[in-house]
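Chain residues, written in single-letter form:
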Amino acid sequence: MINPLIALVIGLIVICSLSFLFYPKGGLVGYIQRTQRLSFQVLQEDALKQMHKCERHGNPTTIDSLAGALSISQAHAARLLSELQSKEFVTLVGERFSLTKKGNDYALKIIRAHRLLERYLAEETGYHEGNWHDLAEQREHSLSVEEMNALSSQLGYPTHDPHGDPIPTASLEFVLHGGEPLTNIEIDQPLQIVHLEDEPKEIYSQLIAEGFYPGMHIRILDKTTQRIIVWGNEDEHILAPIIAANISVIKVSEMEMQKECSGAPLSALKPGEFPKVITISRRMRGVERRRMMDLGILPGTIIKAEMKSPGGDPTAYIIRDTMIALRNEQASQICVETNMEIIH
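Below: a short report on this structure. (Residues numbered from 1 in each chain as written. Predicted model: local features only at pLDDT ≥ 70, side-chain atom pairs only at ≥ 80, totals over all residues. Heavy atoms only, no water.)

Below, the discussion takes up a negative patch on the surface. On the surface, Glu210, Glu234, Asp235 and Glu236 cluster together into a patch of negative charge. Looking at the secondary structure, you find Glu210 in the loop between α8 (201-209) and β5 (217-223). Residue class for Glu210 comes out partly exposed when judged on its relative accessible area of 31%. (Patch = residues over 30% accessible without salt bridge, like charges linked within 9 Å, V, L, I, M, F, W, Y side chains within 5 Å. Areas by Shrake-Rupley, 256 points an atom, 1.4 Å probe, with all protein chains shown as cover. Salt bridge = Lys/Arg side-chain N within 4 Å of Asp/Glu carboxyl O. Lys, Arg positive; Asp, Glu negative; His and termini not counted. Charge placed at Lys NZ, Arg CZ, Asp CG, Glu CD. Helix = DSSP H or I, 4+ residues; strand = E, 2+ residues; numbered from the N terminus. Buried < 20%, exposed > 50% of the residue type's maximum accessible area, 1.4 Å probe, protein only.)

In structure tokens, the structure reads:
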């Protein structure tokens, strides 16, 4: 015979276990089901975004192409497209799938959320630009229409994200950047970058490392089938064509070319030199840009290079009678006059 007390304890354990597993809304099974539904919703939205991207570039969407883009099996991609078709988000003609107006509008809403979040991360936080895309992707699926509209208002209704991609408005309208790939441009023309493609991440990381940013003025010095040599930010950049193709530019006048910075980067100062600030590069954004301005780094401010650290970075500068240490990366984005005086 089983001891009644032991039987009672076993019964309570079984009841508690079943409650933990199947309790409405709070049970483990319910949690797993909700997570699966959410994951499938995210996958559907990612599929709509991918199809929108393909159609924008004139590329067809097939089961194989979608499976490859989303890193899922062909069977999974087929089920996904079938579900989107049942919701009237896509249509099928032959082996190619296309977005319906309903599907296109849904895709634009997700794109709007993503690009607003990227703009917020660039302007209001200190996250590195290499992390903006991934962080925005984590949140874009949970942002409501009301939250999107509030975020857009907070940011001043921006028209483009920090990479230069257009941000759809609340009515899903947008203005294209109007640029063309750098690889299409002939040499020795004044240009302005209007867009940097942030996918694939590996190529975007190289563009960041080279110091490129939307708004930057550049000029092609030489061009072959193997490389493109670009002049920008007082430096020479050697790019493979596959990298250069991810930069979109517009042609500008020579006068416009000279407006960005007719001087030298602050990082070029030697101890004892004290020029005036001309401007802060548009590459410096958000929190860091506001911090520089709060320190008094404004057009006309006189900055004296006081001393360099033993390793050469950072450098101490006298700004409005206060000694401030700036990293070379920061100082290189502050443009100063070239006719520098020297204090002995």
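On we go from here.
This part takes up α8. Those residues of α8 that sit buried are Ile203, Tyr204, Leu207 and Ile208. Summarising the axial view, the buried residues of α8 lie within an arc of 145 degrees, below the 170-degree limit, and thus occupy one face. Those residues of α8 that are exposed and aimed more than 90 degrees away from the buried face are Glu202 and Ala209. Gly211 occupies a position one or two residues after α8 and carries a positive phi of about 90 degrees. (Arc of directions from axis to C-beta.)

Looking now at the packing of aromatic side chains. A complete count under the given rule lists one aromatic pair for this structure. Seen in terms of ring centroids, Phe89 and Tyr106 are 5.2 Å apart; in terms of plane orientation they differ by 65 degrees. Their pairing is edge-to-face. With Phe89 in the loop between α4 (74-86) and β1 (90-93) and Tyr106 in helix α5 (residues 101-124), this residue pair connects regions lying 17 residues apart in the sequence. Judged by its relative accessible area of 9%, Phe89 falls in the buried class. (Phe/Tyr/Trp six-rings, centres within 6.5 Å; stacked < 30°, edge-to-face > 60°.)

Let us look at α4. Taking 1.5 Å of rise per residue, 13 residues should cover 18 Å, and α4 covers 18 Å from first to last C-alpha, within 8% of that figure. Among the residues of α4, Ala77, Leu80, Leu81 and Leu84 are the ones counted as buried. End-on, the buried residues of α4 take up no more than an arc of 95 degrees, which puts them together on one face. Residues of α4 that are exposed and point over 90 degrees away from its buried face: Arg79 and Ser86. (Expected span 1.5 Å × (residues − 1).)

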